[in-house]
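Results of the structural survey
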Amino acid sequence: MVQQLEQLEAEAKAALSEVSDAPALERFRIDYLGPKGKLKSAMSWLKDASPEDKPKLGQGLNQLKQQLEGEFKQKQETLGDAKPRVTGPAIDVTEPGDPPRMGRVHVLRQVIDELIEVFGRMGFDVAEGPELEDEQHNFVDLNIPPEHPARDPLDNFYLDATHLLRTQTSTVQIRVMEQTPPPVRIVSLGRVYRPDTHDATHSSMFHQIEGLYVNEKVTMVDLKSTLMQFAHAFFGKDAEVRLRPSYFPFTEPSAELDIKMTVRGKTEWVELGGCGMVDPNVFEAVGYDPEKWTGFAFGLGIERIAMKRYGIGDIRWFYENDTRFLSQF
Ligand code: DAH
C-alpha cells in the first residue's frame, strides 16, 4: 500500500512537471485533485489498510495532497487560470439596459384616426377650424338667434363680449363654406367646450366629429345611408342605431343619431349626436344659392363613439392620464 502511494506520488509529480499551459493544468487538477480525481480514490485505500498501516497511509495521503495542491497553486499563478477571468470595471457593458418605457397613441386619438379613415373611404376630406371662435361662426351664421337659450352666457365659456370657446364643431361648416365653392364633402374633428357638470357621460371639454356634404339633389336618404355605413363600418354589422326626429336651428329637418349601449350595466339608447338637412338660411349666410344647393350635416360626440366601441363606462377616464386605463388600448 505504501508502494502504491509512492507510485501515485511519482506519477502525479511527473504529470505536473509536464504541464506547460493553463488547459493542461486544468486537466491535471481534474485528474488528481478534483472530486473524482486519483487522490480522492486513493483515500478509499484507507479502509482496506491494516490497523498498523492506517495512520502512516493517512498521513502520507494528506501530505501528498497538500504538496500537490501547493505545487498546483504555484503553477496556476505562473500559467494563469484556464477559465477566463473577468478583468476591467465591474460594470458589464454587454448587459442589456433597462428598456425605455414606450408611449402609445391615446385611445381618443386612435378613434379620431379611425373615423378619418372610415369617412375618408366615403370621400370626405378633413377640415380644421379654431377652438376660439366668434359669435358669428358659433351662432349667427348657424341660424341661432340672439335670444336662443344656447347663447346664454351661463351655458358658454365666453372670453369677452363676442368671443367664446366653440361649443360645437358646426362652426367649421361655416368656415369651410365661406372659403370653398360647392360641392363640399368634409369632416372636421376636434375639441368643444361647455360648462357642463362632470359625470359619467358629461365633461366640460369633449370632442366632436362634424360632417358636411353639399351638392345638388342631396336628400335625407344620403344622410341616413352615410350614417348607417359609418355605424356598421365602425361598430360592426350588428350595431343597433336609429334616427330620431329632433330640432336644430341649422338643419331642417333634423334628427338625432342614437346607438344602443351599456353604461354601468344599464343598456339604453344613447345619443351620439345630431344631424339633418342643411337649413337654407345657413346657405344664405355663406353665400351659397339655397335654390341650387342642398346638403346634409351631422355632429357626433367622439367620446361616446369611443365608449360604445370599447365598453368604457365613464367619460372622465379619458382625461385622467391613468396609464393603467390608457395602456389597455
Ligand atoms: N352641433 C350640434 C351639437 O353640438 C350637433 C349637430 C346637430 C351637428 C345637427 C350638425 C347637425 O351638423 O346637422 O349638439
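Residues numbered from 1 in each chain as written. Predicted model: local features only at pLDDT ≥ 70, side-chain atom pairs only at ≥ 80, totals over all residues. Heavy atoms only, no water.

1. With respect to the site of the ligand
Neighbouring residues of the ligand: 15 residues in total, closest Gln168, Gln173, Arg194, Gln208 and Glu210. Glutamine 168 places a polar side-chain atom, nitrogen or oxygen, 2.7 Å from a nitrogen atom of the ligand. With respect to the ligand, the backbone of phenylalanine 298 contributes an N or O atom lying 3.3 Å from an oxygen atom. Calculation on the ligand without its partners gives an accessible area of 360 Å², and the protein chains cover 92% of this total. Listing elements by their share of the shell around the ligand, those giving two or more residues are strand 5 (205-215), strand 8 (266-278) and strand 9 (294-301). Of the residues in the shell around the ligand, the class split is five nonpolar, eight polar and two charged. (Near = heavy atom within 4 Å. Polar contact = N/O pair within 3.5 Å; in protein donor to acceptor, adjacent residues only side chain to side chain. Areas by Shrake-Rupley, 256 points an atom, 1.4 Å probe, with all protein chains shown as cover. Helix = DSSP H or I, 4+ residues; strand = E, 2+ residues; numbered from the N terminus. Nonpolar A, V, L, I, M, F, W, Y, C, P; charged D, E, K, R; others polar.)

2. Some words on the pattern of salt bridges
The full count for this structure, using the stated rule, is 15 salt bridges. As a salt-bridge pair, lysine 260 and glutamate 240 come within 3.7 Å of each other at their nearest N and O atoms. Pair noted here: lysine 260 is in strand 7 (residues 251-263) and glutamate 240 is in the loop between helix 9 (220-235) and strand 6 (241-248), with a separation of 20 residues, a long-range link. For lysine 260, a relative accessible area of 28% corresponds to the partly exposed category. Salt-bridge contacts for arginine 242 lead to aspartate 258; the nearest nitrogen and oxygen are separated by 3.0 Å. Placement of arginine 242 in strand 6 and of aspartate 258 in strand 7 is noted, with a sequence separation of 16 residues between them. (Salt bridge = Lys/Arg side-chain N within 4 Å of Asp/Glu carboxyl O. Buried < 20%, exposed > 50% of the residue type's maximum accessible area, 1.4 Å probe, protein only.)

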